[in-house]
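Analysis of the macromolecular model
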Amino acid sequence: MARDDGSNNGVRRVRRRGLAHEVADHIRESILTGRVAPGEPLREVDLASSLDVSRGSVREGLAMLEREGLVRSEWHRGARVIDLGPQDVNEVYMVRAALERLATVSAAANMTPTRLADLDSLVQAMGRALEDDADGLTLLALDLAFHDRVYEAADNSRLTDSWHGVRSQVRLIQLVRIERDQAHYRDLLVAEHHDLVRLISRGPSEELARAAEEHVDAARRVLAPLVDHGRSDAPR
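Let me sum up the structure you'll find in this document. Every chain is numbered on its own, with residues counted from 1 as its sequence reads. Thresholds applied to this predicted model are a pLDDT of at least 70 for local features of residues and 80 or more for the giving and counting of side-chain atom pairs; totals over whole chains, interfaces and linings are not thresholded and use all residues. Side-chain figures throughout are based on the complete set of non-hydrogen atoms in the structure, without hydrogens or water.

Below, the discussion takes up the overall build of the chain. Strands are runs of DSSP state E lasting at least 2 residues, helices are runs of H or I lasting at least 4, and numbering of each runs from the N terminus. Looking only at helices and strands, the chain features 9 helices and 3 strands. Counting from the amino terminus, the chain carries its helices and strands in the arrangement α-β-α-α-β-β-α-α-α-α-α-α. Expressed as a percentage of its 236 residues, the buried residues of the chain come to 49%. Should any heavy atoms of two residues lie within 4.5 Å, those residues are considered in contact. Long-range contacts, defined here as pairs at least 24 residues apart, represent 73% of the contacts in the chain between residues at least 6 apart. Throughout, the Shrake-Rupley method with a 1.4 Å probe supplies accessible areas, and for residues the shown protein chains are the sole cover considered. For the chain, the accessible area works out to roughly 11,900 Å², and carbon and sulfur atoms hold 48% of it. Using a 1.4 Å probe on the protein chains alone, a residue whose accessible area is under 20% of its type maximum counts as buried, one over 50% counts as exposed, and one in between counts as partly exposed.

Here you go:
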């Protein structure tokens, strides 16, 4: 994956000093835009120097990202970006499927004309982005924004917290899809989300619950083999 020239691991220099959350934001952005590759080490000393912050702030920022599931730390080996495998995809997406089922049905129960129009606008924006041949990161941002709105409409803070607990990992996994199977992703993006809006507009139903769950599970079935194929330790 491409990296920025002249910066450590593709991470841009922060504007303010000593803020662990800002360090986490910048490292997260670098991971989720592909400037830092899965499995790549994240060295405290190098990051502190390139971001112009203390090692303590870097350590705290990395701990935040570890709680999000983007970073793994090992004793005497330091931190590194998670190296995704099929089990990671299966675990994250099985959890996500259960969350999406509940969130989508709950959102339908709380749906208002304004919220429904917002979801429909995002689907239309996906269509325009495809027509304009937008890049995969743009499409992925719209995709996640759609699901963020669903969780907002569900109006369940604990459910939303659960979504935020896996959201960064979902985005990292989806980067693999737009890198290795973007044509398939582009073909399905609008139709699948349009169907969800159509079913949400009818109110809560078992059909909607199944559609929301299958929307995620279908992605899992595509992604697990893609991740396995791209790993350096995968059998050839």
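The discussion continues.
Okay, the sheet that holds strand E2 (residues 71-74) next. By this definition, two strands are paired if DSSP reports at least two bridges between them. Strand order in the open sheet formed by 3 strands is E1-E3-E2, with antiparallel pairing between adjacent strands. One side of each edge strand has no neighbouring strand; the edge strands of this open sheet are strand E1 (41-42) and E2. Seen against the sheet, helix H3 (residues 55-68) touches E1, E2 and strand E3 (78-81) and runs at an angle of roughly 115 degrees to E2. Angles here are taken between N-to-C directions and fall from 0 to 180 degrees, while the axes themselves are lines fitted to C-alpha atoms, restricted in helices to the stretch in contact.

Okay, the pairing of E2 next. As judged from the 4 bridges shared by E2 and E3, these two strands associate in the antiparallel manner. In the sheet register, Val71 faces E3, and the bridge partner there is Val81. Once E2 ends, the chain turns through 3 residues before running back antiparallel as E3, passing His76 with a positive phi of about 70 degrees.

Attention now moves to the packing of helix H1 (residues 20-32) against helix H7 (residues 157-180). The contact between H1 and H7 brings their axes to 9 Å, and the two run at 30 degrees. Between H1 and H7, the angle is such that the two are roughly parallel. Between H1 and H7, the contacting residues are Arg28, Ile31 and Leu32 on the first element and Ser168, Arg171, Leu172 and Leu175 on the second. The class makeup of the residues in the contact of H1 with H7 is 4 nonpolar, 1 polar and 2 charged. Working definition: roughly parallel below 35 degrees, roughly antiparallel above 145 degrees, roughly perpendicular at 65 to 115 degrees, and oblique for all remaining angles. Note that Gly is not counted as nonpolar here; it falls among the polar residues with everything else outside the nonpolar set of Ala, Val, Leu, Ile, Met, Phe, Trp, Tyr, Cys and Pro and the charged set of Asp, Glu, Lys and Arg.

We now examine the pairing of E3. Taken together, the 2 bridges between E1 and E3 define a ladder with antiparallel strand orientation. Looking at the pairing, Pro41 lines up with Arg80 of E3.

Attention now goes to the nonpolar core. Definition used in this section: a nonpolar core is a set of buried Ala, Val, Leu, Ile, Met, Phe, Trp, Tyr and Cys residues joined via side-chain atoms within 4.5 Å. With 69 residues, the main nonpolar core has Ile27, Ile31, Leu42, Tyr93, Phe146 and Leu172 as its most contacted residues. Examining the composition of this core, we find that 10 residues originate from one element, helix H6 (residues 136-154), more than from any other. Excluding residues that lie within four positions of it along the chain, Phe146 makes contacts with Leu119, Leu122, Val123, Met126, His193, Leu196 and Val197.

This paragraph deals with the packing of helix H2 (residues 44-51) against H3. The relative placement of two packed helices is expressed as an angle between their axes plus a distance between the axes. In the contact formed by H2 and H3, the axes pass within 9 Å of each other and the chain directions differ by 110 degrees. In this view, H2 runs roughly perpendicular relative to H3, as classed from their interaxial angle. Read as a crossing pair, H2 and H3 show a hand that is right-handed. Touching Glu44, Val45, Leu47 and Ala48 of H2 are Arg55, Val58, Arg59 and Leu62, all from H3. Two helices crossing with the near one rotated counterclockwise from the far one by less than a right angle form a left-handed crossing, whereas a clockwise rotation gives a right-handed crossing.

The subject of this paragraph is H1. With 13 residues, H1 extends 18 Å from end C-alpha to end C-alpha; this agrees with the ideal 18 Å at 1.5 Å per step. Of all 13 residues making up H1, 10 are buried, and the element is well covered by its neighbours. Restricting attention to buried positions, one finds in H1 the residues Ala20, Glu22, Val23, Ala24, His26, Ile27, Arg28, Ser30, Ile31 and Leu32. Just downstream of H1 lies Gly34, where phi reads positive at about 85 degrees. To estimate how far a helix should reach, multiply one less than its number of residues by 1.5 Å.

This part takes up the side chain of Arg35. When you line up the elements, Arg35 lands in the loop between H1 and E1. The term polar contact refers here to a pair of N or O atoms within 3.5 Å; inside protein, the definition further demands a hydrogen-donor-capable atom paired with an acceptor-capable atom, and it admits residues adjacent in sequence only when both atoms are side-chain atoms. Here Thr33 takes part through its side chain, which lies 3.2 Å from a polar atom of the side chain of Arg35.

The subject of this paragraph is unusual backbone geometry. Peptide bonds are, in most cases, trans, and in most cases residues other than glycine have a negative phi. Positive phi outside glycine occurs at Asp52, with the angle close to 60 degrees. Along the polypeptide, Asp52 turns up in the loop between H2 and H3. Notably, Asp133 is not glycine yet its phi reads approximately 55 degrees, a positive angle. Tracing the chain through its elements places Asp133 in the loop between helix H5 (113-131) and H6.

As a further point, take the environment of Arg80. The topology assignment puts Arg80 in strand E3. With a relative accessible area of 27%, Arg80 lands in the partly exposed category. Here the alpha-carbon distance between Arg80 and Arg43, two residues 37 residues apart in the chain, equals 8.0 Å. Contacts of Arg80, omitting those with residues within four sequence positions, involve Gly39, Glu40, Pro41, Leu42, Leu70, Val71 and Arg72. A polar contact of 2.7 Å, which involves the side chain of Arg80, links it to the backbone oxygen of Gly39.

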